[in-house]
Amino acid sequence: MSEHYFSNNPQSKTSPRTWMYELRGRSFHFTSDVGVFSKNDIDFGSRLLIEQFQEPQIKGDILDVGCGYGPIGLSLAADIKDRSVLMVDVNERAVELAKQNASANSITNVTIQTSDLYSAIDDASRFAAIVTNPPIRAGKKVVHQIFEGAKDLLLPDGELWIVIQKKQGAPSAKEKLNDLFGNVEVVKKDKGYYILKAQSV
């Protein structure tokens, strides 16, 4: 079986790489590795989501689903210090990298854990915002499970923020979100990427 960035325990030989990147007006050092998503750089979609995200009006924590080595969740946590950010990923190597990157950038208002979608999240947890760059290669069913699970985990007036390419299913994602939430906003389009936001009511 071929290995993907959404594998639980990548067996590929480790070869970490570290670089510096500026996000939301702050410089970060990130280390990534083979066997995780976007191992050589921060992908354009994640950067677009990071820069477009706006702090929700309601109080509450933020959840980053499919956090990878951590650029989305860590950059938001560094910028929004009075909120806690929970970061989850099925990929154990990615989770360990995210923990290393949190430490390297002195970001303490985060909790990072292995979770198959929402399986490890406490049933009582509710969030003001959920952000995700969903694992498109895992298939449409998994992507839609992320949307469906988010609806149950958002506080009233909480927001789900997603980045997805048009060619990888943005129109169907928009339709699915509208079915689930009764609303969806295209916050930004850039180079074929869509930032979508749906609000819990």
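As the structure is a computational prediction, the values presented were derived from the model and not from experiment. (Residues numbered from 1 in each chain as written. Predicted model: local features only at pLDDT ≥ 70, side-chain atom pairs only at ≥ 80, totals over all residues. Heavy atoms only, no water.)

Trainee: A description of the packing of helix 4 (residues 140–153) against helix 5 (residues 170–181) should follow, citing residues and the corresponding values.
Mentor: Direction vectors running N to C along helix 4 and helix 5 enclose 30 degrees, while the axes themselves pass 10 Å from each other. Our classification of the angle between helix 4 and helix 5 gives roughly parallel. Considering only the axes of helix 4 and helix 5, their crossing is right-handed. Here helix 4 contributes Lys140, His144, Phe147, Glu148 and Lys151 to the contact with helix 5, which in turn contributes Ser172, Ala173, Lys176, Leu177, Leu180 and Phe181. Of the residues contributing to the contact of helix 4 with helix 5, the split by class is 5 nonpolar, 2 polar and 4 charged. (Axes fitted to C-alpha atoms, helices over the stretch in contact; angles between N-to-C directions. Helix = DSSP H or I, 4+ residues; strand = E, 2+ residues; numbered from the N terminus. Parallel < 35°, antiparallel > 145°, perpendicular 65-115°, else oblique. Left-handed = near helix turned anticlockwise from the far one by under 90°. Contact = heavy atoms within 4.5 Å. Nonpolar A, V, L, I, M, F, W, Y, C, P; charged D, E, K, R; others polar.)

Trainee: How would you explain the packing of aromatic side chains if you had to name every residue and give the values?
Mentor: Counted by the stated rule, this structure contains 5 aromatic pairs. Summarising the aromatic geometry, the rings of Phe28 and Phe30 are spaced 5.5 Å apart at their centres and angled 15 degrees between planes, so their arrangement reads as stacked. Phe30 shares its class with Phe28; the two are buried. Measuring from ring centre to ring centre gives 5.3 Å for Phe44 and Tyr193, while their planes differ by 55 degrees; the resulting arrangement is tilted. Here the residue Phe44 occupies a position in helix 1 (residues 44–52), and Tyr193 occupies one in strand 9 (residues 193–199), the gap between them amounting to 149 residues. (Phe/Tyr/Trp six-rings, centres within 6.5 Å; stacked < 30°, edge-to-face > 60°. Buried < 20%, exposed > 50% of the residue type's maximum accessible area, 1.4 Å probe, protein only.)

Trainee: A description of the nonpolar core should follow, citing residues and the corresponding values.
Mentor: Ranked by internal contacts, the top residues of the largest apolar core, which has 36 residues, are Phe30, Phe53, Met87 and Val110. The residues touching Val110, leaving out its near neighbours within four places in the chain, are Leu74, Ala77, Val85, Met87 and Ala102. In terms of nonpolar packing, the next biggest core, distinct from the first, is built from 24 residues, Ile121, Ile130, Val143 and Leu196 among them. (Core = buried A, V, L, I, M, F, W, Y, C linked by side-chain atoms within 4.5 Å.)

Trainee: So, the sheet that holds strand 8 (residues 185–190): which residues are in play, and what are the values?
Mentor: Pairing is mixed across the open sheet formed by 7 strands, whose spatial order is 5-4-3-6-7-9-8. Single-partner strands in this sheet number two, and they are strand 5 (110–114) and strand 8. Averaged over neighbouring strand pairs, the angle between their axes works out to 15 degrees when direction is ignored. The pairing of strand 6 (residues 127–132) with strand 7 (residues 154–165) spans 5 bridges and is classified as parallel. (Pairing = 2+ DSSP bridges.)

Trainee: Could you give an account of the environment of Leu177, naming the residues involved and the relevant values?
Mentor: Among the structural elements, Leu177 can be located in helix 5. Note on Leu177: relative accessible area 0%, which makes it buried. For Leu177 and Gln199, which are 22 residues apart along the polypeptide, the C-alpha to C-alpha distance reads 9.4 Å. Setting aside chain neighbours within four positions, we find Leu177 in contact with Phe147, Leu160, Ile162, Gly182, Asn183, Val184, Leu196 and Ala198.

So yeah, pure geometry; function would need other evidence.
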